[in-house]
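Chains, contacts and geometry: an overview
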Amino acid sequence: MLKRNTGFSNLTAGYLFPEVARRRREYASKNPNAKIISLGIGNTTEPLPKCIAQAMADYSISLSTAEGYSGYGDEQGLTELRKRIAEVFYKDLASDDEVFISDGAKCDIARIQTLFGSKVKIAVQDPAYPVYVDGSVIVGAAGKNTGSGYKGVTYMPCVPENNFFPDLSKIKKNSLIYFCSPNNPTGAVSSREELKKLVDFANANGCIVIFDAAYREFIRDEKLPKSIFEIEGSRHCAIEINSFSKPAGFTGVRLGWSVVPKELKFADGTSVHQDWNRVMTTLFNGASNVAQNGGLACLTDEGLSAMKSVIDYYLENASLIEKTFRGENFRKAGAEVYFTGNSPYIWVKFPGKKSWNVFDSLLEKCNVVTTPGSGFGPAGESFIRISAFGHHADVEEACKRLSEFSF
């Protein structure tokens, strides 16, 4: 019999979001009349902008004609889409042949771990998106959970006391650093000065930063950087991951990209760009041609304007949620609310309480689903994450219920 990959046996319990879904189903089965509203998983809810959906529909119909049919494309992505991404998001920062199109940021983050193998040291913001750590455990770069985190992972607490920017001195030399800004789940956005510290540290200590910028389009403060490549020196130490999921509503369509600078090298001088190209052409067969044509529509003037409107819609939800959690009932409960206005997430601490207990209380008393902060890492204990992805009417109803909540 073949032996199981020990990485899977090292994972604790279930992945966070399926566990949230399981608890919701269990509660709903016992309370069939409950009208549950989800402010939990960061799934988009609003329809695709019509100009973007129409572009995909037109392309799909063209596949039924001899002139319009297309089969396999370049695994790295449509040349026109790579060029447009470079022009719109990375003008003077990256070239189109450094852009690789994929089926989403989460998939890229998982695949990219194949570049570094099972011996690499891992450092993550704490709390952080679970796939950074769980993916590392599966490939063998991290061991069993010790009770305060997985063995072999350096956790960098991002908490109110350090303004959600970690103590970089905790990171071991020659580590792979996962960093997300705007951060999921805290919503914190790193300043230009903070990211310069990160880049300088990485270059001085032989580290590579996997910079997750999936929420960049929520940044409304023009002083804040949207890309790691805005920072001097970053092309020697960083890879950026991004996606159309949140700004365009492509969570189900599946389309993302990575940017790997040609200056980035492994310890032996080999090009990371070269090896990533090999990964993308060997372990991947290209994003859907239909989705990629949708991506092209996103990056027209009409598409960019439509995406901004969708983001504005979710930020309006976020402002309403923030106001609700700053209400008198939550102040009496000792709640501490953290929201920057540059993210779809509100991060709320309930001192002295367990995250899952708060989750259960809000579900049972308000029929509102949130996400327990402890699922994002040890430093997330006592916090919950509330997502602004939802229809206005649902968010308003959820906030009405929450405004009457008490433990």
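Please refer to the structure placed before this passage.
Before going into details, it helps to say that this report is about the structure given with it.

Definitions and limits used
Think of each chain on its own: its residues are numbered from 1, step by step along the sequence as written. Where totals are concerned, whole chains, interfaces and linings use all residues; where local detail is concerned, this predicted model gives features only for residues with pLDDT of at least 70, and gives and counts side-chain atom pairs only at 80 or more. Water and hydrogen atoms were dropped before computing side-chain values, which therefore reflect all heavy atoms in the structure. Numbering of helices and strands runs from the N terminus, with a helix taken as a DSSP run of H or I at least four residues long and a strand as a DSSP run of E at least two residues long. A radius of gyration in this sense is built from C-alpha atoms; the matching globule rule multiplies 2.2 Å by the number of residues raised to 0.38. Any two residues whose heavy atoms approach within 4.5 Å at even a single point are treated as in contact. Here an axis means a line fitted to C-alpha atoms, over the contact stretch when the element is a helix, while the angle between two N-to-C directions is reported on a 0 to 180 degree scale. By definition, any crossing whose near helix is turned counterclockwise from its far helix by less than a right angle is left-handed, and any crossing with a clockwise turn is right-handed. When residues are grouped by polarity, Ala, Val, Leu, Ile, Met, Phe, Trp, Tyr, Cys and Pro land in nonpolar, Asp, Glu, Lys and Arg in charged, and all others, Gly among them, in polar. Whether two strands pair depends on DSSP finding at least two bridges between them. Contacts described as polar in this section are N or O atom pairs within 3.5 Å, which, within protein, must combine one atom able to donate a hydrogen with one able to accept it, while residues neighboring in sequence count only if both atoms come from side chains. Categorising residues by exposure relies on relative accessible area from a 1.4 Å probe, with only protein chains included: less than 20% of the type maximum marks a residue as buried, more than 50% marks it as exposed, and the intermediate range marks it as partly exposed. Just to be clear on terms, a salt bridge is a Lys or Arg side-chain nitrogen sitting within 4 Å of an Asp or Glu carboxyl oxygen. Among buried residues, those of type Ala, Val, Leu, Ile, Met, Phe, Trp, Tyr and Cys that are joined through side-chain atoms within 4.5 Å constitute a nonpolar core.

**Some remarks on the overall build of the protein chain**
Scanning the protein chain for helices and strands turns up 14 helices and 13 strands. Against the compact-globule benchmark of 22 Å for 407 residues, the protein chain has a radius of gyration of 21 Å, which places it among compact chains. Dimensions of the protein chain along its principal axes, counting C-alpha atoms only, are 55 × 55 × 50 Å. Within the protein chain, contacts between residues separated by at least 24 positions form 74% of all contacts whose residues are at least 6 apart in sequence.

**Quick notes on the packing of helix α2 (residues 16-30) against helix α13 (residues 355-366)**
Following both chains from N to C, one finds α2 and α13 inclined at 35°, their axes separated by 11 Å at the closest point. The two elements α2 and α13 meet at a crossing, and its hand is right-handed. Only Trp356, Phe359, Asp360, Leu363 and Glu364 of α13 make contact with α2, whose side of the interface consists of Leu16, Glu19, Val20, Arg23, Arg24 and Tyr27. Grouping the amino acids of the contact of α2 with α13 by side-chain chemistry returns six nonpolar, no polar and five charged.

**So, the sheet that holds strand β4 (residues 153-157)**
Strand order in this open sheet of seven strands is β2-β8-β7-β6-β5-β3-β4, and the pairing throughout is mixed. Lying at the two open borders of the sheet, with one neighbouring strand each, are β2 (99-102) and β4. Along the sheet, successive strands turn relative to each other by an average axial angle of 20°, direction set aside. Here four bridges tie strand β3 (residues 121-126) to strand β5 (residues 175-180), and the two strands are oriented parallel to one another. Along β5, the bridge assignment pairs Ala123 with Ile177.

**Things to note about the environment of Asp167**
Its location among the elements puts Asp167 in the loop between β4 and β5. Each C-alpha atom, one on Asp167 and one on Ile219, is 24 Å from the other, the two residues being 52 residues apart in sequence. Only 2.6 Å separates the side chain of Asp167 from the side chain of Ser169, close enough to count as a polar contact.

**Looking at unusual backbone geometry**
A cis amide bond links Asp126 with the next residue in sequence, Pro127, at an omega value of 10°. For Pro127, the position within the fold is in the loop between β3 and α6 (131-138). A positive phi is found at Asn163, a non-glycine position, where the angle reads about 60°. The residue Asn163 is located in the loop between β4 and β5 in this model. The class for Asn163 is exposed, based on a relative accessible area of 55%. Positive phi is not limited to glycine here, since Asn174 has a value of about 60°. By the element assignment, Asn174 lies in the loop between β4 and β5.

**Points about the pairing of strand β13 (residues 383-387)**
Of all five residues in β13, five are buried, a share of seventy percent or more. Neither face of β13 is open: one carries Phe383, Arg385 and Ser387, the other Ile384 and Ile386, and all of them are buried. Pairing geometry for strand β10 (residues 345-349) and β13, over five bridges, is antiparallel. Across the sheet, Val348 pairs through a bridge with Ile384, a residue of β13.

**Here's the deal with the pattern of salt bridges**
Per the counting criterion, the structure on display carries 20 salt bridges. Across the pair Asp221 and Lys223 runs a salt bridge, and its minimum N-O distance is 3.3 Å. Asp221 sits in the partly exposed class, given a relative accessible area of 27%. Here Lys223 falls in the exposed class, since its relative accessible area comes to 64%.

**As for the environment of Ala202**
Looking at the secondary structure, you find Ala202 in helix α7 (residues 192-204). Here Ala202 falls in the buried class, since its relative accessible area comes to 1%. C-alpha separation for the pair Ala202 and Ala297, spaced 95 residues apart in sequence, amounts to 36 Å. Once you skip the residues sitting within four places of it in the chain, Ala202 turns out to touch Cys207, Val209 and Cys237.

**Points about the nonpolar core**
In a soluble, globular protein the nonpolar side chains are often hidden away together inside. By size, the foremost hydrophobic cluster in this structure holds 96 residues, and its most contacted members are Ile85, Tyr132, Ile210, Ile239, Phe244 and Trp257. Beyond its immediate stretch of four places on either side in the chain, Tyr132 contacts Ile109, Gln113, Val124, Tyr178, Cys180 and Asp212. Core analysis: the second largest hydrophobic core is formed by 24 residues, Val337, Leu362, Ile384 and Ile386 among them.

**Quick look at the side chain of Glu98**
Checked against the element boundaries, Glu98 lands in the loop between α4 (79-89) and β2. The class of Glu98 is buried, set by a relative accessible area of 1%. Polar side-chain contacts of Glu98 include one of 2.5 Å to the side chain of Arg235.

**As for the pairing of strand β8 (residues 256-259)**
Burial of β8 is two-sided: the residues Gly256 and Ser258 facing one way and the residues Trp257 and Val259 facing the other way are all buried. Note that β2 and β8 share four bridges and pair antiparallel. By the bridge assignment, Ile101 is partnered in β8 with Trp257. With four bridges connecting them, strand β7 (residues 238-243) and β8 associate as antiparallel partners. If you follow Ile241 over to β8, its bridge partner there is Ser258.

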